[in-house]
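Observations on chain architecture
Each chain, letter by letter, is given below.
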Amino acid sequence: MGIMARDLASGDDAGRRGSTRRGSTRELDARDAGRGRGAGTRGRGDAGLTESAERFFVSSRCRPDGVQRGVVGEIISRFENKGMVLKALKTYACPKAVAEEHYRDLSSKPFFGDLVDYICSGPVVAMIWEGPGAVKSARLMIGATNPLESAPGTIRGDLAVEVGRNVIHGSDSVESAEREIALWFGDEVGCVDWQPTITPWVRE
C-alpha cells in the first residue's frame, strides 16, 4: 500500500526530522522487499494552523501484498483516526520506469531487479496525507521494517509477519517524501485542496 503524507510542523520539529532515518532503513526495506518478490499532492488549506507552521511531506505506499490482502481500508483508517487529512488517493499499476526511479539510489544493489519486479507485480495504492509532524507520526504508526520487531498496535505489528510482505512503504525523511510525491503525483491529478470542518477539534 502506498501512502503519501504531508507534514505540517514547526521549524524546530522539521529540523529534527530532516536528519532522521535515511538510507539504512530505506535500503533494508528495499532489499527485503526484493527478496520477498513472487506474489502478485498537494493541498494548501491552513485551517487551524499557526502562521509559523511549515509544510512537508511523507509518502507511503500500500504495497502489492497489502492490496492483495485487502487491508487498504484498515490502513486508511489508521491515518484518519490519527487526525491526518487525505489529500490524494489512487490505485496504480506501477510502470517499471517509475519503480526504477523510485529506488534509483539502490540501482547498484544486487537485489534491485527483484525489487523493481516486485513493486510492479500487482497494483499499489498511493496516497498523500497531511498532518502535524506527519513524517514522524507515520513512521511510528507504520512500525519497524521487520514486522516481528514492530510493536503491537502499529500497522506492521498488527498486519504483517515477514519483512518481504510488510504491506506498506513510508518515506523515511521529508526530503524523500517530497521526491516521492513529485514522482507518484507529479501531475497532481486527483489531488484535492481541502480541510475538514472538524480541524479545530483535532488540533489547535
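Relevant structure appears above.
Description of the structure in this document. Only a predicted model underlies this, so the values are computations on that prediction, with no experimental measurement involved.

Before going further, it helps to spend a moment on the pairing of strand S4 (residues 124–132). The buried count for S4 comes to eight of nine residues, which makes it a mostly enclosed element. Inspection of the sheet shows strand S3 (residues 85–92) paired to S4 by seven bridges, in the antiparallel sense. Its bridge partner being in S4, threonine 91 is matched across the sheet by valine 125.

Further remarks concern the side chain of arginine 156. On the secondary structure map, arginine 156 appears in helix H8 (residues 155–159). Residue classification places arginine 156 among the buried residues on the basis of a relative accessible area of 1%.

Applying the stated rule across the entire model yields six salt bridges. A salt bridge links arginine 104 to glutamate 101; its shortest N-O distance comes to 2.7 Å. Owing to a relative accessible area of 45%, arginine 104 belongs among the partly exposed residues under this scheme. By sharing partners, the salt bridges in this structure join Glu74, Arg78 and Asp158 into a single network.

Along the chain, the position of leucine 89 falls in strand S3. Residue class for leucine 89 comes out partly exposed when judged on its relative accessible area of 43%. Measuring from C-alpha to C-alpha, the distance between leucine 89 and isoleucine 128 comes to 6.7 Å, with 39 residues separating the pair along the chain. Ignoring anything within four residues of it in the chain, the contact list for leucine 89 reads Val125, Ala126, Met127 and Phe185.

To describe two helices that pack against each other, one gives the angle between their axes and the distance between the axes. Contact geometry for helix H4 (residues 72–82) and helix H7 (residues 134–142): axes closest at 11 Å, N-to-C directions at 135°. Our classification of the angle between H4 and H7 gives oblique. In this structure, H4 crosses over H7, and the sense of that crossing is right-handed. Where H4 abuts H7, its residues Arg78, Phe79 and Lys82 lie against Ser137, Ala138 and Met141.

This part takes up the environment of methionine 141. Position of methionine 141 among the secondary structure elements: in helix H7. C-alpha of methionine 141 to C-alpha of glycine 157: the two residues are 16 residues apart in sequence and 9.4 Å apart in space. Not counting the four nearest positions on each side in its chain, methionine 141 is found in contact with Arg78, Phe79, Lys82, Met84, Thr154 and Ile155.

Calculation rules
Residues numbered from 1 in each chain as written. Predicted model: local features only at pLDDT ≥ 70, side-chain atom pairs only at ≥ 80, totals over all residues. Heavy atoms only, no water. Buried < 20%, exposed > 50% of the residue type's maximum accessible area, 1.4 Å probe, protein only. Helix = DSSP H or I, 4+ residues; strand = E, 2+ residues; numbered from the N terminus. Pairing = 2+ DSSP bridges. Salt bridge = Lys/Arg side-chain N within 4 Å of Asp/Glu carboxyl O. Contact = heavy atoms within 4.5 Å. Axes fitted to C-alpha atoms, helices over the stretch in contact; angles between N-to-C directions. Parallel < 35°, antiparallel > 145°, perpendicular 65-115°, else oblique. Left-handed = near helix turned anticlockwise from the far one by under 90°.

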